[in-house]
Amino acid sequence: MADTRQPIKAVRGTRDILPPDTSLWQHVEDSARRVFHRYNFHEIRTPIFEATELFARGVGEETDIVGKEMFTWEDKARAQSERSQSLTLRPENTAGVVRAYIEHKLGESGMLQKLYYVGPQFRRERPQKGRYRQFYQIGAEVLGPPSAGSESPARDAEVIVMLADLLREVGIQQWSLHLNSVGCADCRPKYNEALRAALKDVVHTMCADCRRRAVNNPLRVLDCKVPEDQPKIAALPTIGQYLDEKCRVHFSEVKSILDATGIRYDVNERMVRGIDYYTRTTFEFSHGGLGAQSALLGGGRYDGLSESLGGPKAPGIGFALGLDRFVIALEAEGVTAPATAPRAYIAPLGAGMNPEAAKLAHELREQGMAVEVGDESFRLKKSFESAERAGIPFVVIIGENEVKAGAFAVKDLTSGEQVTVSRGEIVKTLS
Ligand code: AMP
């Protein structure tokens with residue numbers, strides 16, 4: 001039997017995020033919401049678990065995510081009216097957003113849907129710095145019927161420009177943007193054929209995943225991380241020369257909008273990103289301060305995803321950023337969140353003073369001021385120490401005399417000065 005005295009710890013690959021670190025997380029979340037609203041995005045919240053089939057069909061059976069990393073369980077029917085089904089903690093949020101788009105017929109408005117989400121995702125990866133089994137993403141998607149302009153390269157570029165704005169707003173400077181086009185349903189089969197042909201002679205020397213993928217989904221061979229396979233992968237053909245005319249024009253328009261807006265990027269034809277739904281534009285922002293897990297965020301276009309999930313034609317483009325990694329990058333660049341200590345510490349002095357202290361605290365909080373309250377059992381010295389340790393600049397002392405006089409002693413801990421202030425003046429003094 002388990003030793004009940006052993007403390008229980010967070011599960012491997014999960015972690016607690018504690019204050020004051022949470023301030024930096026909130027800083028990223030608040031900045032993202034602000035920037036997204038400027039670009040007319042609105043929030044969507046989808047369930048944390050979905051039918052496993054959604055990810056199998058959306059993300060792709062041959063991807064690492066679906067093949068190896070999902071937290072999946074069989075949800076047994078408990079009543080005749082229910083059916084057993086396989087469920088999965090979402091490993092990413094794009095498939096869920098597109099499912100919601102289809103389910104709620106959002107395309108029928110004829111308008112572009114510009115949606116963003118914030119929340120945890122789950123992948124059973126080998127945990128290391130910047131890689132967790134429960135991690136947090138902020139992402140956005142632009143999708144809609146083609147008549148709403150959803151296929152336009154202007155949408156791809158707008159999303160990328162928005163991300164550059166977000167990075168600036170958050171305070172991350174040392175990023176680089178890698179860009180590619182992975183073609184479309186018309187031209188990619190030709191590239192896949194070229195990969196198959198090139199792999200034919202070498203694949204027997206490669207890892208088991210590569211051997212299987214060379215047959216089923218050769219593009220995914222490019223996701224392989226096995227060091228011995230890398231020289232063989234480097235020798236494979238690149239996608240650029242296989243793009244058809246439409247994809248080539250689309251890609252060059254995305255680039256010319258980025259050029260016009262002054263966004264720096266490099267084209268990396270090896271970057272196919274490990275998810276099957278991508279078509280045309282794919283991109284990744286990386287950061288030098290992240291170590292091995294250098295990707296800050298990634299995204300791309302997914303023109304066929306809605307249809308592969310049984311929905312209408314709804315081309316789209318989106319991205320997901322790793323909130324965990326944004327915080328690491330901010331720390332690497334020395335960015336700290338603004339301090340959030342309360343303005344005043346209310347020190348009830350002597351027996352029976354707790355109600356008076358609570359009354360004053362309530363009045364101040366009603367007026368929007370953050371305050372902390374001590375306890376009548378504390379000596380004044382302890383109240384001062386508590387205030388100082390918490391970085392609170394003022395102590396308000398409430399004793400019997402103060403209550404009778406309708407005035408309080410306010411001590412400024414920075415200057416050491418102490419003044420007597422009437423109840424009506426207190427907010428002004430503390431501000
Ligand atoms: P993806 O959904 O794989 O395109 O990932 C998008 C972004 O999410 C990545 O660029 C990372 O910043 C972040 N991310 C993905 N997997 C993890 C993980 N296991 N732990 C922390 N962040 C992750």
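Refer to the structure presented above.
Residues numbered from 1 in each chain as written. Predicted model: local features only at pLDDT ≥ 70, side-chain atom pairs only at ≥ 80, totals over all residues. Heavy atoms only, no water.

**Some points on the overall build of the protein**
Moving on, step 1. The number of helices and strands found in the protein is 15 helices and 16 strands.
Moving on, step 2. When the backbone C-alpha atoms are referred to their principal axes, the protein occupies close to 90 × 65 × 50 Å.
Moving on, step 3. Across the 431 residues of the protein, 48% fall into the buried class.
Moving on, step 4. Look at the contacts in the protein between residues 6 or more apart in sequence, and 70% of them connect residues 24 or more apart.
Moving on, step 5. For the protein, the accessible area works out to roughly 21300 Å², and carbon and sulfur atoms hold 51% of it.
Moving on, step 6. A distance of 3 Å separates the average location of the 56 positive side-chain charges in the protein from that of its 58 negative side-chain charges. (Helix = DSSP H or I, 4+ residues; strand = E, 2+ residues; numbered from the N terminus. Buried < 20%, exposed > 50% of the residue type's maximum accessible area, 1.4 Å probe, protein only. Contact = heavy atoms within 4.5 Å. Areas by Shrake-Rupley, 256 points an atom, 1.4 Å probe, with all protein chains shown as cover. Lys, Arg positive; Asp, Glu negative; His and termini not counted. Charge placed at Lys NZ, Arg CZ, Asp CG, Glu CD.)

**Some points on the sheet that holds strand 16 (residues 418–422)**
Moving on, step 1. Strand order in the open sheet formed by five strands is 13-12-14-15-16, with mixed pairing between adjacent strands. Each edge of the open sheet is held by one strand with a lone partner, namely strand 13 (371–373) and strand 16. Within this sheet the neighbouring strands show an average axis-to-axis angle of 25°, counted without direction.
Moving on, step 2. In this sheet, strand 14 (residues 394–398) lies alongside strand 12 (residues 344–348) in parallel orientation, the contact comprising five bridges. Across the sheet, residue Pro348 finds its bridge partner in strand 14, namely Ile398.
Moving on, step 3. Strands in contact with helix 12 (residues 354–366) are strand 12, strand 13, strand 14 and strand 15 (407–412); relative to strand 13, the strand with the most contacts, it is inclined by about 170°.
Moving on, step 4. Sheet strands in contact with helix 13 (residues 380–389) are strand 12, strand 14 and strand 15, and its direction is about 165° off that of strand 12. (Pairing = 2+ DSSP bridges. Axes fitted to C-alpha atoms, helices over the stretch in contact; angles between N-to-C directions.)

**Examining the state of the cysteines**
Moving on, step 1. Counted under the stated rule, the structure contains zero disulfides.
Moving on, step 2. The thiol of Cys187 is not disulfide-bonded; the next cysteine sulfur, from Cys247, is found 3.8 Å away.
Moving on, step 3. With no disulfide of its own, Cys224 lies 3.7 Å from the sulfur of Cys210, the closest cysteine sulfur. (Disulfide = S-S within 2.5 Å.)

**Let's talk about helix 12**
Moving on, step 1. For helix 12, built from 13 residues, the straight-helix expectation of 18 Å at 1.5 Å per residue is met to within 8% by its first-to-last C-alpha distance of 18 Å.
Moving on, step 2. Those residues of helix 12 not exposed but buried are Ala357, Leu360, Ala361 and Leu364. The buried residues of helix 12 all sit within an arc of 100° when viewed along its axis, so they share a single face. Away from its buried face by more than 90 degrees, helix 12 exposes Pro355 and Glu366.
Moving on, step 3. Gly368 occupies a position one or two residues after helix 12 and carries a positive phi of about 95°. (Expected span 1.5 Å × (residues − 1). Arc of directions from axis to C-beta.)

**Structural notes on the side chain of Glu284**
Moving on, step 1. Take Glu284: it is sitting in strand 9 (residues 279–287).
Moving on, step 2. Only 2.7 Å separates the side chain of Glu284 from the side chain of Arg273, close enough to count as a polar contact.
Moving on, step 3. Excluding residues that lie within four positions of it along the chain, Glu284 makes contacts with Ser176, Leu177, His178, Met271, Arg273, Ala295, Leu297 and Gly298. (Polar contact = N/O pair within 3.5 Å; in protein donor to acceptor, adjacent residues only side chain to side chain.)

**Regarding the environment of Arg5**
Moving on, step 1. The residue Arg5 is located in the segment before helix 1 (21–38) in this model.
Moving on, step 2. Considered as a pair, Arg5 and Gly171 are 166 residues apart in the sequence and their alpha carbons are 45 Å apart.

**Observations concerning helix 1**
Moving on, step 1. Across its 18 residues, helix 1 extends 27 Å between first and last C-alpha, which sits within 8% of the 26 Å expected from 1.5 Å per residue.
Moving on, step 2. The set of residues buried in helix 1 consists of Ser23, Leu24, Trp25, Val28, Ser31, Ala32, Val35 and Phe36.
Moving on, step 3. Residues of helix 1 that are buried make contact with strand 5 (113–122), strand 6 (134–143), helix 5 (153–170), strand 11 (316–322) and helix 11 (323–332).

**What about the packing of aromatic side chains?**
Moving on, step 1. Summed over the entire model, instances satisfying the criterion amount to 10 aromatic pairs.
Moving on, step 2. With 6.1 Å between their ring centres and 65° between their planes, Phe36 and Phe319 make a pair best called edge-to-face. Linking Phe36 in helix 1 with Phe319 in strand 11, this pair joins segments that are 283 residues apart in sequence.
Moving on, step 3. Under the relative-accessibility criterion, Phe36 is labelled buried at 0%.
Moving on, step 4. The buried category is assigned to Phe319, whose relative accessible area is 2%.
Moving on, step 5. Ring centres of Phe49 and Trp73 lie 5.7 Å apart, and the angle between their planes is 70°; on these two criteria the pair is classed as edge-to-face. Taken together, the residues Phe49 in strand 2 (residues 49–51) and Trp73 in strand 3 (residues 72–75) connect sequence positions 24 residues apart. (Phe/Tyr/Trp six-rings, centres within 6.5 Å; stacked < 30°, edge-to-face > 60°.)

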